[in-house]
Amino acid sequence: MLWVKICGLSTPEAVETAVDAGADAVGFVLAPGSPRTVDAALAASLVGAAREAAHRSGQEIETVAVVRGQSLEEIARLAREAGVDTVQLHGDEPDAVADSLRDAGFRVIRALAAGEYTRRTAAGWSSPDRLLLDAAVPGSGARFSEDELDSAPSGFWALAGGLSPENVASAVSALKPSGVDVSSGVESSRGVKDVRLIKAFIAAARTVL
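Think of each chain on its own: its residues are numbered from 1, step by step along the sequence as written. In keeping with the model being predicted, local features are shown solely for residues with a pLDDT of at least 70 and side-chain atom pairs are shown and tallied solely at 80 or more, while totals for entire chains, interfaces and linings include all residues. Each side-chain value is worked out from all heavy atoms of the structure, with water and hydrogens disregarded.

Engineer: Explain the environment of Asp-99 residue by residue, including any values.
Structural biologist: Along the chain, Asp-99 falls in helix 4 (residues 95-103). As for Asp-99 and Ser-34, which are separated by 65 residues in sequence, their C-alpha atoms are 26 Å apart. Think of it this way: any DSSP run of H or I at least four residues long counts as a helix, any run of E at least two long counts as a strand, and we number them from the N terminus.

Structural data, given as structure tokens:
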């Protein structure tokens with residue numbers, strides 16, 4: 001089944017809607033400079049809301065801290081305080097950071113622009129972590145272009161970049177990712193999640209077999 005992550009959540013209502021609608025993962029931005037940034041204390045309360053909602057419905061939910069350009073010490077502190085399962089690295093963090101986070105008990109998702117992924121793999125790079133491939137400007141809401149990707153990763157990878165309830169099914173059918181990740185595509189305005197769009201996105205993603 002397609003893995004579905006709703007990211008950039010900042011309210012209990014949005015978190016509970018995502019879980020109740022069948023999301024596999026929910027993400028919280030713990031990096032500065034985003035309209036979706038939350039602090040570790042709020043993230044911890046949202047993680048609790050996600051787990052309570054998952055328990056009520058008898059399902060599992062993965063909780064993800066999204067970080068960018070922070071030190072290993074800061075990332076580890078934020079992830080511990082938030083109580084997340086997974087850290088999503090959205091910057092140019094070296095592989096040693098991912099290794100240390102795994103050693104500390106966190107799962108890791110490595111987010112890259114598609115062009116950067118192509119450049120790295122051409123140089124012989126491979127990642128033991130799950131990959132999230134984004135558009136040229138990750139987090140911008142710009143649409144991912146199939147032309148940006150020479151070849152898809154052989155392991156688990158999620159598609160992000162300009163996804164919405166209207167286009168997610170066609171994007172998945174064209175690119176065959178293991179999962180999808182959305183943030184701006186389920187917002188009524190920048191940084192403000194719309195529960196109707198969250199439900200519609202997950203429903204549309206689930207139509208793809």
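What follows continues from the structure just given.
Engineer: Lay out the nonpolar core with the relevant residues and their values.
Structural biologist: Definition used in this section: a nonpolar core is a set of buried Ala, Val, Leu, Ile, Met, Phe, Trp, Tyr and Cys residues joined via side-chain atoms within 4.5 Å. Using a 1.4 Å probe on the protein chains alone, a residue whose accessible area is under 20% of its type maximum counts as buried, one over 50% counts as exposed, and one in between counts as partly exposed. In terms of nonpolar packing, the biggest core is built from 57 residues, with Ile-6, Leu-9, Phe-28, Leu-89, Val-180 and Phe-201 touching the most fellow members. If one sorts the elements of this core by residue count, helix 2 (residues 40-57) sits on top with 8 residues. Excluding its chain neighbours within four sequence positions, the residues that come into contact with Val-180 are Leu-2, Trp-3, Val-4, Lys-5, Ala-158, Leu-159, Leu-163, Val-168, Val-172, Phe-201 and Ala-205. We call two residues in contact whenever any of their non-hydrogen atoms come within 4.5 Å of each other.

Engineer: Explain the sheet that holds strand 2 (residues 25-29) to me, and be specific about the residues and the numbers.
Structural biologist: Strand order around the closed barrel formed by 8 strands is 1-2-3-4-5-6-7-8, with parallel pairing between neighbours. In this sheet, neighbouring strand axes are inclined to one another by 25° on average, regardless of whether the strands run parallel or antiparallel. Only when DSSP finds a minimum of two bridges between them are two strands counted as paired. Where strand 7 (residues 157-159) meets strand 8 (residues 179-182), 2 bridges bridge the pair, whose relative direction is parallel. Residue pairing in the sheet places Leu-159 in a bridge with Val-180 of strand 8. Helix axes are fitted only over the stretch in contact, all axes being lines through C-alpha atoms; the angle between N-to-C directions runs from 0 to 180 degrees. Lying on the sheet, helix 2 is in contact with strand 2 and strand 3 (62-67); it crosses strand 2 at an angle near 170°.

Engineer: Quick rundown of the pairing of strand 2? Include the residues and the values.
Structural biologist: Strand 2 sits mainly inside the fold: 5 of its 5 residues count as buried. Summarising the sheet, strand 1 (residues 3-6) and strand 2 pair through 2 bridges and their orientation is parallel. Paired with Ile-6 across the two strands is Val-26, which belongs to strand 2. When the strands point away from the viewer, a crossover counts as right-handed if the path from the first strand over the helix to the second runs clockwise. A crossover connection joins strand 1 to the parallel strand 2 through helix 1 (residues 12-20); in handedness this β-α-β unit is right-handed. Where strand 2 lies against strand 3, 5 bridges are found, and the strand directions are parallel.

Engineer: So, the pattern of salt bridges: which residues are in play, and what are the values?
Structural biologist: Here, a salt bridge means any Lys or Arg side-chain nitrogen found within 4 Å of an Asp or Glu carboxyl oxygen. Using the criterion set out here, one finds 16 salt bridges in the structure. Asp-85 is the partner of Arg-51 in a salt bridge, and the nearest nitrogen-oxygen pair spans 2.9 Å. With Arg-51 in helix 2 and Asp-85 in the loop between helix 3 (72-82) and strand 4 (86-89), the pair connects residues that are 34 residues apart, well separated along the chain. Among the residues examined, Arg-51 registers a relative accessible area of 34% and is labelled partly exposed. Where Asp-99 meets Arg-102, a salt bridge forms, and the shortest distance between an N and an O atom there is 2.3 Å. Taken together, the residues span about one helical turn, with Asp-99 and Arg-102 both in helix 4 at a distance of 3 residues.

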